[in-house]
Amino acid sequence: MMEMLNFIYTDIVNFFLPSMKWSIVLASTCTVLTSFSVAQFLLWIKGNRLPRHGKLPPGPPSWGPLVGNLPQFRTSMRTPHVRAQELAKTYGPVMRVQMGGKVLIFISDPKIADRCFKDNDHNFANRPSIAAQKYLLYGGDHPSLAPIGDFWRSARKLYTTELLSGKKLQEFQVVRSEEMGQAVQDIYEASARDASINMHDLFTKLFTNVITRMTMSRRFFNSANSAAKTLNETDSEAGSGNAELNDSMGNEWQQLIDSNHELMTRLLLEDVSPALAWVDILTGVRPRMQNSFARMDRLLQKVVDDHKAELSSREKDSENLDFIDVLLMLRDSSKTQFLSDRTIKAFSLDTIGAASETSTVTSEWALSELLTNPEVMDKAREEVDSVVGKDRTVLESDLPNMPYIRALVNESLRLHPPLPWLVPHTNLMDCTLEDYNIPANSILMFQVWAMQRDPLLWERALEFDPSRFLNSDMDVKGMHTGLMPFGAGRRMCPGYNLGLTVLQYTLARLIHSFDWSTTDPQVPLDMTEKFGLTSLRRASVLHAKARPRLPHHLYTT
Ligand code: HEM
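The rules behind the values
- Counting restarts for each chain: residues are numbered from 1 in the order of the written sequence.
- Thresholds applied to this predicted model are a pLDDT of at least 70 for local features of residues and 80 or more for the giving and counting of side-chain atom pairs; totals over whole chains, interfaces and linings are not thresholded and use all residues.
- Note that the side-chain values use all heavy atoms of the structure and ignore hydrogens as well as water.
- By the criteria applied, helices consist of DSSP H or I runs no shorter than four residues and strands consist of E runs no shorter than two, each listed in order from the N terminus.
- For each residue, the accessible area found with a 1.4 Å probe, counting protein chains only, is set against the maximum for its type, and the residue is called buried under 20%, exposed over 50%, and partly exposed in between.
- Only heavy atoms enter the contact rule, under which two residues are in contact if any of them lie within 4.5 Å.
- What we call a nonpolar core is a set of buried Ala, Val, Leu, Ile, Met, Phe, Trp, Tyr and Cys residues that are connected through their side-chain atoms within 4.5 Å.
- For this analysis, a salt bridge means a side-chain nitrogen from Lys or Arg found within 4 Å of a carboxyl oxygen belonging to Asp or Glu.
- For this purpose, a residue is taken to be near a molecule or strand whenever a single non-hydrogen atom of the residue falls within 4 Å of it.
- Polar contact criterion, stated in full: a pair of N or O atoms within 3.5 Å, where within protein one must be able to donate a hydrogen and the other to accept it, and residues adjacent in sequence count only if both atoms are side-chain atoms.
- Residues are grouped as follows: Ala, Val, Leu, Ile, Met, Phe, Trp, Tyr, Cys and Pro are nonpolar; Asp, Glu, Lys and Arg are charged; all remaining types, including Gly, are polar.
- Only nitrogen, oxygen and sulfur atoms within 2.8 Å of the metal, or 3.2 Å for Na, K and Ca, are treated as donors, and water is left out, so sites may look incomplete.

**What to know about the side chain of Ser292**
Here's step 1: Looking at where Ser292 falls in the secondary structure, it is placed in helix H15 (residues 285-312).
Here's step 2: Taking relative accessible area as the criterion, Ser292 reaches 3% and is therefore assigned buried.
Here's step 3: Beyond its immediate sequence surroundings of up to four residues, Ser292 is in contact with Leu136, Leu256, Ser259, Asn260 and Leu263.

The following block contains the structure:
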């Protein structure tokens, strides 16, 4: 019995994980089971605190307040988004599901989703909050977790003006070009050994380095021949290019990320009731979270302190400012009161978390689709060759002349949105949607994955065909009903321009520079999906082989 309950808790956690890394409510520990009857009672109260009047959305029959609808998802824990899509066919486009005392509302009709973002945007634009945010992250100081209010508005403005504006993207073009050059060189060297390349690792390094250089002028992943600083380099080593690079802090970062991911699967009973917070201390879960967070915080504090020192010694010219520099300068000029060291660290963590994994999984899926659809690869390569030729490499300024590459990225985001339910939203107040009453504090799951492959909305919905976006005004920027991999409304991803540019540039360079194949061309590539911790990934990491197709000198940075 105990083991079964343990299992159920873990399942609930896994169910929530991908879109809700900060919203993990339940997990398995022995103490949880000891406190089970108390917890069950409290959850029952929470789960049943529904509005007194009005019709609730329909949903599958629930197995009681604690277990809720988990059994209906039990056989599909690796692909709960598919199960939710199937259930919505029975229960309709506004469906209620109960999990561990929480009410989840799944929305799978684009017109209804549209109404949420237009008519009810203010109410629906909040985020669920859980105790782990306080212990593992900077709580509500993360712009992406903050409730709608003055802090969130100011933070969003800073993102859009100081990190993600057209001018800033232009300024940091050199960073993207250098990091891409490094990735191409790494692939070239692997191809000389006929080695297969772990594309997930390659993309992770590439995109993490791009965003950490934009945010803090540091590379988290090292590679030879780079003039950029690694996370731990001192100023005197910076830019020498010959400095002996020490990866220990980069490694520590990776360990911390792994440890945080593991800790996020743990239950904090404080989420069930603040009165049970002491249990989390006894089980050791909360102290472990706090310890892991303290290490990450120290690392980020050092980066902030280094920036302060560089700014005060005027080592930096005004042309060369990263996001942390800008935030510190704004703080010093007292234009922005809320910018403490803590919020600056939270901003940094937020950008890395938001930018790296989304771009990584999208690129991995796009390359997988190209490998399974050689005719698409041929068309894309024809376009890139015709624009660039074979005597130079692709530049970002070539992208406006590459409609097929743009269409390729849109089609990848259509079939493989990295966040299949967006980031969960919550409503502060009771409201109605399609005549249904939506209780306050429901968790709203927008079924983007399902809408983007709905045969009623898309011709040949499951075919990977970028040409559907050619000569069409459809795009992925939150305006087209049924296509919103970046979300829509006021919580829409502020990094969509950077994301799209990086994806188009990466794919164009890879297609232009190499012929690609799977490790065993006789075996069809496995395209199975899996809910990862923070995104919808490939079930198996993509390994691929590359063969250079340009003159040798175009592969060295
Ligand atoms: C392929 C690339 C990307 C995809 C598919 C993507 C997707 C998303 C989605 C679906 C959301 C949630 C929207 C919602 O809740 O309605 C989001 C939020 C966010 N994204 Fe992105 N994103 C990408 C790249 C980036 C980049 C490069 C950045 C740059 C820093 C970024 C920063 C953020 C931030 C800060 C939020 C939180 C916004 C808020 O809560 O107000 N994203 N993203």
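Anyway, onward from the coordinates.
**Some words on the nonpolar core**
Here's step 1: Counting residues in hydrophobic clusters, the biggest one holds 108 residues, and the most contacted among them are Met199, Leu408 and Trp516.
Here's step 2: Every residue in contact with Leu408, bar those within four places of it in the chain, is listed here: Leu370, Val376, Ala380, Phe464, Pro466, Leu507 and Ile511.
Here's step 3: Listed in part, the 20 residues of the second largest apolar core include Ala113, Phe117, Leu444 and Met451.

**Regarding the pattern of salt bridges**
Here's step 1: Within this structure, the stated rule accounts for 33 salt bridges.
Here's step 2: We note a salt bridge from Arg537 to Glu357, for which the minimum N-O separation is 3.1 Å. You can see Arg537 sitting in strand E12 (residues 536-538) and its partner Glu357 sitting in helix H17 (residues 341-372), a full 180 residues away along the chain.
Here's step 3: Beyond isolated ion pairs, a larger network of salt bridges with shared partners links Arg381, Asp385, Asp515, Arg547 and Arg549.

**Let's talk about the site of the ligand**
Here's step 1: The local shell around the ligand holds 24 residues, among which Arg127, Arg156, His425, Arg491 and Cys493 are the closest.
Here's step 2: Contacts to the ligand include Trp152, whose side-chain N or O atom sits 2.9 Å from an oxygen atom.
Here's step 3: His425 has a polar side-chain atom sitting 2.8 Å from an oxygen atom of the ligand.
Here's step 4: At the level of elements, helix H9 (150-163), H17 and helix H21 (496-513) are the ones that each hand at least two residues to the shell around the ligand.
Here's step 5: Sort the elements by how many residues they give to the shell around the ligand and H17 lands first, with four residues.
Here's step 6: In terms of residue class, the shell around the ligand is built from 15 nonpolar, six polar and three charged.

**Some words on the coordination of the iron atom of the ligand**
Here's step 1: Protein coordination of the iron atom of the ligand is limited to a single donor, Cys493 (SG), positioned at 2.3 Å.
Here's step 2: For Cys493, the location among the structural elements is in the loop between helix H20 (448-451) and H21.

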